[in-house]
Amino acid sequence: MQRSGIPALALSICVLAVPVYADIHDYYQRGIDARGEGRYTDAVMMFERLADEGDPRAEHQLAMMYLQGEGVTTDPEMGVRLLEKSANKNHAAAQYDLGRLYLEGAHVEKNQETAVFLFGLAAENGSTDAQLLLADMFYKGDIVGRDYKQAYIYLLIALQSDKGSSPEWVDSIEARLSREEMNSARDFVRRWLEKNRH
């Protein structure tokens with residue numbers, strides 16, 4: 001019985017379509033390195049390949065490259081579409097960056113409510129930038145209603161990362177809260193951190 005060469009050919013095509021790097025994270029990191037070194041064409045190629053496989057990190061990187069014209073013709077529509085795709089997969093950095101676009105009205109119609117919603121999702125998914133921004137928003141009361149307890153909660157969560165804010169800001173918020181409010185906020189943060197430990 002003669003065997004067809006089609007299955008072997010299909011297998012070799014599939015093997016060629018997979019990145020040479022066995023670990024997808026390694027391939028993604030090589031894309032990050034290429035972008036950081038200004039080798040945008042290489043980065044685009046790597047991120048496109050991963051984005052085609054549905055990798056939200058690659059979709060986010062590619063979105064930013066389309067928005068900034070790095071290695072591709074600037075295409076805000078494509079950039080926003082890729083950000084939305086990545087954000088819908090709960091990628092915190094994409095949620096934060098898309099929120100910034102809505103906050104500023106850059107490439108999308110300005111919508112502060114949508115921006116705050118996206119920042120909330122990003123904060124929940126671990127974005128320190130979003131946590132600090134929301135802490136600031138609740139502290140100042142510019143875009144959202146002033147809420148010192150909410151500001152304190154976001155700030156305490158953000159302080160758990162390397163990017164934490166200055167102790168003076170913590171002191172400034174604590175001076176505006178009752179002991180009961182501070183204890184309640186700290187309990188909430190403790191429970192949130194236990195729930196969200198990775």
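Position numbers for residues start from 1 in each chain and track the written sequence from start to end. Selection of residues for local features in this predicted model requires a pLDDT of at least 70, selection of side-chain atom pairs for listing and counting requires 80 or more, and totals for whole chains, interfaces and linings are taken over all residues. Each side-chain value is worked out from all heavy atoms of the structure, with water and hydrogens disregarded.

Trainee: Before we go on, may I ask you to explain the overall build of the protein chain in this structure?
Mentor: Per the secondary structure count, the protein chain includes 11 helices and 0 strands. Helical segments are the DSSP runs of H or I of at least four residues, strand segments are the runs of E of at least two, and each set is numbered from the N terminus. Scanning the protein chain from its N terminus toward the C terminus, one meets helices and strands in the order α-α-α-α-α-α-α-α-α-α-α. Here the protein chain holds 198 residues, and the buried ones make up 39% of them. The contact criterion used is simple: two residues touch if any of their non-hydrogen atoms lie within 4.5 Å. Taking contacts inside the protein chain between residues at least 6 apart in sequence as the whole, the part at least 24 apart equals 43%. Total accessible area on the protein chain is roughly 11,700 Å²; 50% of this is exposed by carbon and sulfur atoms. The buried label applies to any residue whose accessible area, calculated with a 1.4 Å probe on protein chains only, is under 20% of its type's maximum; exposed applies above 50%, and partly exposed to all values in between. Only the protein chains shown count as cover for residues, and all accessible areas are computed by the Shrake-Rupley method using a 1.4 Å probe.

Trainee: Just to check I follow, could you spell out unusual backbone geometry for this structure?
Mentor: As a rule of thumb, non-glycine residues mostly have phi less than zero, and peptide bonds are mostly trans rather than cis. With phi around 65 degrees, Asn-90 is a residue other than glycine that occupies positive phi space. Topologically, Asn-90 is positioned in the loop between helix H5 (76–87) and helix H6 (92–104). Relative accessible area serves as the criterion here: at 49%, Asn-90 is assigned to the partly exposed category.

Trainee: Help me out: how do you make sense of the nonpolar core in this one?
Mentor: Soluble, globular proteins show a tendency: their nonpolar side chains are buried together. By convention a nonpolar core is built from buried Ala, Val, Leu, Ile, Met, Phe, Trp, Tyr and Cys residues, the set being connected through side-chain atoms within 4.5 Å. One finds Leu-83, Leu-98, Phe-119, Tyr-152 and Ile-173 to be the most contacted residues of the largest nonpolar core, which totals 59 residues. Sequence-distant contacts of Ile-173, that is, excluding residues within four places in its chain, are made with Tyr-139, Tyr-148, Ala-151, Tyr-152 and Leu-155.

Trainee: I keep staring at H5 and nothing clicks. Help me out?
Mentor: It helps to recall that an α-helix has 3.6 residues per turn; residues three or four apart then point in one direction. Working rule for helices: expected span equals 1.5 Å times residues minus one. The first and last C-alpha atoms of H5 sit 16 Å apart over 12 residues, in line with the 16 Å expected at 1.5 Å per residue. Among all positions in H5, only Gly-79, Val-80, Leu-82, Leu-83, Ser-86 and Ala-87 are buried. Viewed along the axis of H5, the buried residues span an arc of 165 degrees, placing them on a single side of the element. Looking at the buried residues of H5, the elements they touch are helix H4 (56–68) and H6. Picture the helix axis, draw a direction to every C-beta atom, and the arc is the one those directions span.

Trainee: Help me understand the environment of Ile-24 in this model?
Mentor: Among the structural elements, Ile-24 can be located in helix H2 (residues 24–36). Between the C-alpha atoms of Ile-24 and Leu-50, which are 26 residues apart in sequence, the distance is 8.0 Å.

Trainee: Please explain the packing of aromatic side chains as it appears in this structure.
Mentor: Each aromatic ring pair is described using two quantities: the centre-to-centre distance and the angle formed by the ring planes. Each Phe, Tyr or Trp ring, with Trp reduced to its six-membered ring, pairs with another whose centre is within 6.5 Å; inter-plane angles below 30 degrees give stacked pairs, above 60 give edge-to-face pairs, and intermediate values give tilted ones. On inspection of all chains with the given rule, the structure shows 5 aromatic pairs. Pairing Tyr-96 with Phe-119 gives two aromatic rings, centres 5.6 Å apart and planes at 45 degrees, and the pair type is tilted. Taken together, the residues Tyr-96 in helix H6 and Phe-119 in helix H7 (residues 112–124) connect sequence positions 23 residues apart. The two residues Tyr-96 and Phe-119 agree in class, both being buried. A ring pair is formed by Tyr-139 and Tyr-148, whose centres lie 5.8 Å apart and whose planes are at 65 degrees; its orientation type is edge-to-face. An aromatic cluster is present here, built from Tyr-139, Tyr-148 and Trp-169 joined pairwise through their rings. Only when the NZ of Lys or the CZ of Arg is both within 6 Å of the ring centre and within 35 degrees of the ring normal is a charge said to sit over the ring. Between the NZ or CZ atom of Arg-57 and the centre of the ring of Tyr-28, over which it lies, the distance is 4.1 Å.

Trainee: Just to check I follow, could you spell out the environment of Asn-88 for this structure?
Mentor: Assignment of secondary structure puts Asn-88 in the loop between H5 and H6. C-alpha separation for the pair Asn-88 and Pro-56, spaced 32 residues apart in sequence, amounts to 8.8 Å.

Trainee: Sorry, what's going on with the pattern of salt bridges here?
Mentor: Where side chains of opposite charge bring their charged atoms close, a pairing between them can arise. The salt bridge criterion pairs a side-chain nitrogen of Lys or Arg with a carboxyl oxygen of Asp or Glu, the two atoms within 4 Å. This structure, assessed with the given rule, holds 13 salt bridges. Across the pair Lys-89 and Glu-59 runs a salt bridge whose closest N-O atoms are separated by 2.7 Å. One end of the pair, Lys-89, is in the loop between H5 and H6; the other, Glu-59, is in helix H4, and 30 residues separate them in sequence. Classification of Lys-89 as partly exposed rests on a relative accessible area of 36%. The shortest N-O distance in the salt bridge between Glu-104 and Arg-100 comes to 3.1 Å. In this pair, Glu-104 and Arg-100 are both assigned in helix H6, 4 residues apart and thus about one turn of the helix distant. Taking the relative accessible area as the measure of exposure, Glu-104 reaches 47% and is therefore partly exposed.

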